[in-house]
Amino acid sequence: MRYNHRYHQIVHGTPKHRRLHLTSFFVLAGTLVILMALFRVPLNQRALLLGFAVSLFRVSVAYIISLALALLFGILAVSHEKVEAILIPFLDVAQSFPSYALLPLLVLYFGRTSVAVIVILVVAMIWPILFNVIAGIKEQRQDQSEAATLFGATGWRYLIYYRWPMLRPAIITGSIISWGQAWDTIVGAEIIAAAGGAGYYLGQLSETGHTSLLGLAIVFYLLLIFCLNQVIWLPLLHHYTKYQAES
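This write-up is about the structure you can find in this document.

Reading guide: rules and limits
Sequence positions are assigned chain by chain, starting from 1 and proceeding in written order. Where totals are concerned, whole chains, interfaces and linings use all residues; where local detail is concerned, this predicted model gives features only for residues with pLDDT of at least 70, and gives and counts side-chain atom pairs only at 80 or more. The side-chain values count all of the structure's non-hydrogen atoms but skip hydrogen atoms and water molecules. Helix and strand assignments come from DSSP, with helices taken as H or I runs of at least 4 residues and strands as E runs of at least 2, each series counted from the N terminus. Remark: exposure states derive from per-residue accessible area (1.4 Å probe, protein chains only) relative to the maximum for the residue type, with buried under 20%, exposed over 50%, and partly exposed in between. Any two residues whose heavy atoms approach within 4.5 Å at even a single point are treated as in contact. All accessibility values rest on the Shrake-Rupley procedure with a 1.4 Å probe; residue burial counts only the protein chains present in the view. Throughout this description, the term salt bridge denotes a Lys or Arg side-chain nitrogen within 4 Å of a carboxyl oxygen of Asp or Glu. In plain words, nonpolar cores are sets of buried Ala, Val, Leu, Ile, Met, Phe, Trp, Tyr and Cys residues tied together by side-chain atoms within 4.5 Å. To count toward a patch, a residue needs a relative accessible area over 30% and no salt bridge; like charges are then connected within 9 Å, while nonpolar side chains (Val, Leu, Ile, Met, Phe, Trp, Tyr) are connected within 5 Å. To get an axis, fit a line to the C-alpha atoms, keeping to the stretch in contact for a helix; angles then go from 0 to 180 degrees between the N-to-C directions. Relative orientations are named as follows: roughly parallel for angles under 35 degrees, roughly antiparallel for angles over 145 degrees, roughly perpendicular for angles from 65 to 115 degrees, and oblique for any other angle. Two helices cross in a left-handed way if the nearer one is turned anticlockwise from the farther one by less than a right angle. They cross in a right-handed way if the turn is clockwise. Three classes are used: nonpolar for Ala, Val, Leu, Ile, Met, Phe, Trp, Tyr, Cys and Pro, charged for Asp, Glu, Lys and Arg, and polar for all others, with Gly counted as polar. Each direction from the helix axis to a C-beta atom contributes to the arc, which is the arc of those directions. In summary, the pairing rule links any two rings of Phe, Tyr or Trp, Trp by its six-membered ring, whose centres are within 6.5 Å, and it sorts them by plane angle into stacked for under 30 degrees, edge-to-face for over 60 and tilted for everything else.

### Considerations on the overall build of the protein chain
Next, step 1: Scanning the protein chain for helices and strands turns up ten helices and zero strands.
Next, step 2: Traced from its N-terminal end to its C-terminal end, the protein chain shows the element sequence α-α-α-α-α-α-α-α-α-α.
Next, step 3: Per-residue burial over the protein chain gives 43% buried out of 247 residues.
Next, step 4: Across the protein chain, the fraction of contacts at a sequence separation of at least 24, relative to all contacts at a separation of at least 6, is 79%.
Next, step 5: Total accessible area computed for the protein chain in this model is approximately 13,900 Å², and 68% of it derives from carbon and sulfur atoms.

Here you go:
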């Protein structure tokens, strides 16, 4: 359960970190402008945005699959003491498996397609969400659980009206870490699999020796990912954790 509080201060957005995020954005944007001015190299905006759109689609699909599997295995892992004793050590070992080791086999079986890339992303993304879900379930108060059951929250109602709302802060925290790992993983996966996307585009720029374009493209992608994080993930995190008591 190593992911539970590993990045607590960073992802929970203290004023200091919010200022740091804003500063980082202006540094990246300024770097992009300076590079364009120095090298006078026009960016192929269509290729950049198309590659980013393909990668964003793959990351989004992989995230949905990872979230579903994390909830399934997380709830199953703590459903019974004997299951927990067997499954959690297995999952803890499985997360150390290098995801790229599967890529040649996946490319051989699925071809140079989005499926191979998405499977690799799921292998990389599932662990932060899974272990946050497990930790979130184990930290839930027994009296609240008993109160929910007393008021008729049993079966699916218990999962929907009690467990899901209680797990949302842990899920969002794990998702932010998972989302970051996905963008780290997809670049290498798309280059190796030659399956298009942002990573493949960066690889092509590197192979053709367009160093200046490569630097501009990297900064451009960093800005886009930063904006996604600011617009989607951090507001979600602040919304679901502002009433959460500190442990």
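### Structural notes on the pattern of salt bridges
Next, step 1: All chains considered together, the criterion is met by one salt bridge.
Next, step 2: Residues Arg58 and Glu190 are paired through a salt bridge, measuring 2.8 Å at the closest nitrogen-oxygen approach. One end of the pair, Arg58, is in helix H3 (residues 45-77); the other, Glu190, is in helix H8 (residues 156-193), and 132 residues separate them in sequence.
Next, step 3: Residue Arg58 is classed as buried on the basis of its relative accessible area, which comes to 3%.

### Considering the nonpolar core
Next, step 1: Grouped together as the largest cluster of nonpolar side chains are 55 residues, with contacts concentrated most on Val59, Tyr63, Leu121, Ile134 and Tyr221.
Next, step 2: Broken down by secondary-structure element, the contributors of at least two residues to this core are H3, helix H4 (81-94), helix H5 (103-110), helix H6 (114-138), H8, helix H9 (197-207) and helix H10 (211-241).
Next, step 3: A per-element tally of this core places H6 first, with 15 residues.
Next, step 4: Every residue in contact with Leu121, bar those within four places of it in the chain, is listed here: Arg58, Val59, Ala62, Ala182, Thr185 and Ile186.

### Quick word on the environment of Leu214
Next, step 1: Topologically, Leu214 is positioned in helix H10.
Next, step 2: Sequence separation of Leu214 and Tyr201 is 13 residues, and the distance between their C-alpha atoms is 9.0 Å.
Next, step 3: Residues contacting Leu214, with those up to four places away along its chain left out, are Leu202, Leu205 and Ser206.

### A few points about a nonpolar patch on the surface
Next, step 1: A surface patch of nonpolar side chains, about 390 Å² in accessible area, is lined by Ile65, Leu69, Leu72, Phe73 and Leu76.
Next, step 2: As for its placement among the helices and strands, Leu69 is situated in helix H3.

### Thoughts on the packing of H5 against H6
The description of two packed helices rests on the angle between their axes and on the distance between the axes.
Next, step 1: For the pair H5 and H6, the least separation of the axes is 8 Å and the interaxial angle reads 150°. On the basis of the axis angle, H5 is roughly antiparallel to H6. H5 and H6 meet at a crossing whose hand is right-handed. Contacts between H5 and H6 involve Leu103, Leu106, Val107 and Phe110 on the former and, on the latter, Val115, Ala116, Val119 and Ile120.
Next, step 2: Across the contact of H5 with H6, the residue classes break down as eight nonpolar, no polar and no charged.

### Brief notes about H5
Next, step 1: Every buried residue belonging to H5 is among Leu103, Leu106 and Val107, and all of these are buried. Buried residues of H5, seen end-on, are gathered within an arc of 100° and therefore sit on one face of the element. More than 90 degrees from the buried face of H5, the exposed residues found are Pro104, Leu105, Leu108 and Tyr109.
Next, step 2: Within two residues after H5, Gly111 carries a phi angle of roughly 80°, on the positive side.

### A look at the packing of aromatic side chains
Next, step 1: Tallied over the full model, the rule gives eight aromatic pairs.
Next, step 2: Aromatic side chains Phe52 and Trp183 sit 5.2 Å apart centroid to centroid with 5° between the ring planes, which places their arrangement in the stacked category. With a gap of 131 residues between them, Phe52 in helix H3 and Trp183 in helix H8 connect regions that are remote in the sequence.
Next, step 3: Note on Tyr109 and Phe110: the rings are 4.8 Å apart at their centroids and 90° apart in plane angle, and the pair reads as edge-to-face.

### Observations concerning the packing of H4 against H6
Next, step 1: Look at H4 against H6: their axes get within 11 Å of each other, and the N-to-C directions meet at 150°. For the element pair H4 / H6, the angle class is roughly antiparallel. Between H4 and H6 lies a crossing of left-handed hand. Here H4 contributes Glu84, Ile88, Leu91, Asp92 and Ala94 to the contact with H6, which in turn contributes Trp127, Leu130, Phe131, Ile134 and Lys138.
Next, step 2: Looking at the contact of H4 with H6 residue by residue, the class counts come to seven nonpolar, no polar and three charged.

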